[in-house]
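Each chain, letter by letter, is given below.
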Amino acid sequence: MSRIYAATLLLILAFFLFSAVKLDYGQLRGGVSEYYIARGVAETGALNMVTAIYLNYRVYDTLGEATVFFASALGVFMLLRKNTGPAGRQEEGESDG
Amino acid sequence: MDRTSSILKIFTRKLFSFILLYGCYLISHGHLSPGGGFQGGVVFGSAIILLGLVEGVKLTEKRFREDSLSLTKNVGMLVFIFLGFVGIFLGYYFLSDFLPRGEVGTVPSAGLILLLNLTIGFMVGTGIAVIFYRIVRHKA
């Protein structure tokens, strides 16, 4: 019985995946690129359109990127400590973060 | 036991300041030409990594201490978020552009973008240098 459920679930999933594959990604939708090209320099003052998008229109995304980088650097900082002795013994007078 | 060739050492010492200068250019002109905070920061970090590979990490640490590099990274992240909150205090939304604009094509033309590039550049450069220090000195 459970195999019939699994097969039905897989068929439904396959249908959605197939309909996603059939979409036409070759054409632009929404017109946001024309908006950026037409008014990007006037609105942000940045000639480099990539910078205008990632630091003005999509600046929250950049905040997330910076946070991800900060977290990875902090992870390396925590995992590879200074003077790691046997069995995780730590030297005194060390600061983290 | 110093087996680094003198060619590498001399060229690294000469090139070091120019690499830092190129990183400054990439960061400060990120909104006018290809480049930006992340790329310029990586160039910054690669200068410190080059010095560490050629001169040894101990000598490099005397000039670029790990504590101060790590502090710069943390302060950079805080300044990024603080610049976002300044927009709220001035009556706009979070991370909005509250600075006046200059003439298009000059360095202060883009308002907040330059400041955000600076903070991202310092954060990425010092963070990469700190990661390099930690990985090099790690004994398994």
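Residues numbered from 1 in each chain as written. Chains lettered and ligands numbered in written order. Predicted model: local features only at pLDDT ≥ 70, side-chain atom pairs only at ≥ 80, totals over all residues.

Draft legend 1. Seen up close, unusual backbone geometry. Despite not being glycine, B:L95 shows a phi value in the positive range, around 60°. Along the polypeptide, B:L95 turns up in the loop between α4 (66-89) and α5 (112-137). (Helix = DSSP H or I, 4+ residues; strand = E, 2+ residues; numbered from the N terminus.)

Draft legend 2. Expanded view of the packing of helix α1 (residues 6-28) of chain B against α5(B). Residues and elements named next belong to chain B. At a closest axis distance of 9 Å, the pairing of α1 and α5 adopts a crossing angle of 140°. Residue-level contacts link G23, I27 and S28 of α1 to L114, N117, L118, G121 and G125 of α5. Residue composition of the contact of α1 with α5, by class: three nonpolar, five polar and no charged. (Axes fitted to C-alpha atoms, helices over the stretch in contact; angles between N-to-C directions. Contact = placed C-beta atoms within 7 Å. Nonpolar A, V, L, I, M, F, W, Y, C, P; charged D, E, K, R; others polar.)

Draft legend 3. Region of interest: the interface of chain B and chain A. Taken residue by residue, the interface counts 32 residues in chain B and 21 residues in chain A. Taken together, the elements giving at least two residues each to the side of chain B that touches chain A come down to α4 and α5 of chain B. Considering each element in turn, the side of chain B that touches chain A owes the most residues, 12 residues, to α5(B). By residue class, the composition of the side of chain B that touches chain A is 15 nonpolar, 12 polar and five charged.

Draft legend 4. Structural context of the nonpolar core. Counting 37 residues, the largest nonpolar core has B:I113, B:A129 and B:V130 as its most contacted members. At the level of secondary structure, the elements contributing two or more residues to this core comprise α3 (49-57) and α4 (59-79) of chain A together with α1, α2 (37-55), α4 and α5 of chain B. Top element by residues in this core is α5(B). It accounts for 15 residues. Dropping the residues within four chain positions of it, B:V130 is found in contact with A:A73, A:F77, B:E66, B:L69, B:S70 and B:K73. (Core = buried A, V, L, I, M, F, W, Y, C linked by C-beta atoms within 7 Å. Buried ≥ 20, exposed ≤ 12 C-beta atoms within 10 Å, placed from the backbone.)

Draft legend 5. Main features of the confidence of the model for chain B. In the predicted model, chain B carries a mean pLDDT of 89, and 99% of its residues have values of at least 70. Across the interface, the model reports ipTM at 0.86; the global pTM reads 0.78. (pLDDT = per-residue confidence, 0-100.)

Draft legend 6. The arrangement of helix α2 (residues 32-44) of chain A in detail. All names here are of chain A. Over its 13 residues, α2 runs only 15 Å from end to end, short of the ideal 18 Å by more than 12%, given 1.5 Å per residue. By the largest-angle criterion, A38 marks the main kink of α2, which is about 50°. Looking one or two places after α2, you find G45, whose phi comes out positive at around 80°. (Expected span 1.5 Å × (residues − 1). Bend = angle between axes of the 7 residues up to and from the residue.)

Draft legend 7. Main features of the packing of α3(A) against α4(A). Residue and element names in this part refer to chain A. The N-to-C vectors of α3 and α4 enclose an angle of 85°; their axes lie 5 Å apart at closest approach. The orientation of α3 with respect to α4, classified from their angle, is roughly perpendicular. For the pair α3 and α4, the contacting residues are Y54, L55 and N56 in the first and V59, D61 and T62 in the second. Looking at side-chain class alone, the contact of α3 with α4 contains three nonpolar, two polar and one charged residues. (Parallel < 35°, antiparallel > 145°, perpendicular 65-115°, else oblique.)

Draft legend 8. Quick peek at α2(B). Residue and element names in this part refer to chain B. An ideal rise of 1.5 Å per residue puts 27 Å on 19 residues; α2 measures up with 27 Å between its terminal C-alpha atoms. All buried positions along α2 are accounted for by G37, F38, G40, G41, V43, F44, G45, A47, I48 and L51. In this fold, the buried residues of α2 make contact with α1, α3 (57-63) and α5.

Draft legend 9. View of the environment of A:T44. Turning to its location among the elements, A:T44 is positioned in helix α2. Separated by 29 residues in the primary sequence, A:T44 and A:A73 have C-alpha atoms spaced 31 Å apart. The contact partners of A:T44, leaving out residues within four places of it in the chain, are A:A52, A:N56, B:A110 and B:I113.

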